[in-house]
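# A closer look at the structure
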Amino acid sequence: MKSQLNFRNCSGDLQQIPTITEQLVNSKDYVYLGIDNDLPSVYFNAYNECSILQSVINATVDYISGSGIDIEDKTINRQGEKLTELIEKITLDYIIYGAFSIQVIKNKLNKIAELNYIDVRNVRLNEKGDYVYYNKGWGKYVRNITKYHRYTENQANSILYVKNPKSKGVYGLPLWSSALRDIYTLIEASKNNYSNMVNGFSPNVLISFNNGVPTEDIQDEIEDLIKDKYTSANGNKIMITWSDSKETAPEINSFSTEDYTARYEQVINSSRNAILSAFRVSGQLVGVLPEQTGFNSVEYEGAFKVFQKTVIKPIQRQIEKAFERLDINFKLNEFNIDWDNQSEEEIE
């Protein structure tokens, strides 16, 4: 009788890359942002979980709004929030999500009484873009949605929604959206490193069952038990073999790991460079340093001038224009990179 032999690979499920999309759904007045109407949470989680992305975003926000404004700061709402505090919050939103929103409340004389920060994650728009829908937890099934007029001069309580002008849809699109796959690559690489560390860098495993080949259903059940117990999307892979006896078990010579370190570093460097390219910034400007920089102060200043002209200044102007609509006129101060002449107050 011919011996039976069966192979199976067992590994964790890979995390799927979210689709950046807008869609109209029957019976909904607002446009879905993402397949599950929760794409901003994807952006926020990427910001929280990818250290390189967070470093680039935080540095970019500092360059845009970290030096304050050229007018006297003032209180803008009953919570005592200052105008510069609001600007810092909306700048962060703009870089993470490609948009920001502000609640504008007017008095009986049609003058602005309050400006309140609105987390743009909680905002959706109708297709025409003249109404804003607010809810703290978006998804497929939501309740307690508050509807506002999008800001116009004659509304007593409305929401100003400003998006990246290069976004063609209803919603804003962040600068780094083209690098989303690379960001997920870095997140999974970090998880893989952590998994290897807590598991003592244990090798990939071959498990041989040499007491006969069970039915497909039993194989599936055993595979699921092993998979649930010993694998994840970030850790080891396990190969399972089934054979009638040890004599008929397969001989495995090796699982090749040649050039693994080199290939791993290549993937990391490629993903990091893709994020920097999406922001059009040199890594040295945002705290993302290669092993060998060779980067002097002249090159730093030159790279900063390019970044300032192509990214920082246009976003600063976008923010300034948004407040001009509210009759609040100011200029965002330029970030000072002359470290030798900075005061301690400026550095703080």
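For the structure, see preceding data.
Here is a short report on the structure shown in this document.

Reading the values: the criteria
- Residues numbered from 1 in each chain as written.
- Predicted model: local features only at pLDDT ≥ 70, side-chain atom pairs only at ≥ 80, totals over all residues.
- Heavy atoms only, no water.
- Helix = DSSP H or I, 4+ residues; strand = E, 2+ residues; numbered from the N terminus.
- Buried < 20%, exposed > 50% of the residue type's maximum accessible area, 1.4 Å probe, protein only.
- Areas by Shrake-Rupley, 256 points an atom, 1.4 Å probe, with all protein chains shown as cover.
- Pairing = 2+ DSSP bridges.
- Core = buried A, V, L, I, M, F, W, Y, C linked by side-chain atoms within 4.5 Å.
- Contact = heavy atoms within 4.5 Å.
- Phe/Tyr/Trp six-rings, centres within 6.5 Å; stacked < 30°, edge-to-face > 60°.
- Lys NZ or Arg CZ within 6 Å of the ring centre and 35° of its normal.
- Salt bridge = Lys/Arg side-chain N within 4 Å of Asp/Glu carboxyl O.

### Comments concerning the overall build of the protein chain
Helices and strands together make up the secondary structure of the protein chain, namely eight helices and 11 strands. Classification of the 348 residues of the protein chain by burial places 42% in the buried group. As presented, the protein chain carries roughly 20400 Å² of accessible surface, and 47% of it is formed by carbon and sulfur atoms.

### A few points about the pairing of strand β5 (residues 112–118)
In this sheet, β5 lies alongside strand β4 (residues 99–106) in antiparallel orientation, the contact comprising six bridges. By the bridge assignment, V104 is partnered in β5 with L115. Hairpin remark: β4 followed by β5, antiparallel, with five residues in the connecting loop; positive phi at N110, about 65°.

### Notes on the nonpolar core
Counting 76 residues, the largest nonpolar core has Y63, W176 and F323 as the members making the most contacts within it. Ignoring sequence-local partners within four residues, the contact set of Y63 consists of L285, V286, Y300, F304, F307, I312, Q316 and F335. Among the nonpolar cores identified, the runner-up in size contains five residues, and Y30, Y32, Y133 and V142 belong to it.

### Section: the packing of aromatic side chains
By the definition in use, this model includes 10 aromatic pairs. Look at Y30 and Y133: their rings are 5.8 Å apart centre to centre, the planes differ by 55°, and that puts the pair in the tilted class. Here the residue Y30 occupies a position in the loop between β2 (22–23) and β3 (32–33), and Y133 occupies one in strand β7 (residues 131–134), the gap between them amounting to 103 residues. Comparing Y30 with Y133, the two get one shared label, buried. A connected cluster of aromatic rings, assembled from ring pairs, spans Y30, Y32, Y133 and W138. The side chain of R121 reaches across the aromatic face of F44, ending 4.1 Å from its centre.

### Re the pattern of salt bridges
Counted according to the given criterion, the structure contains seven salt bridges. The salt bridge involving R78 is made with E114; its shortest N-O contact spans 2.6 Å. In this pair, R78 is assigned in the loop between α2 (51–65) and α3 (83–97) and E114 in strand β5, connecting sequence segments 36 residues apart. For R78, a relative accessible area of 72% corresponds to the exposed category.

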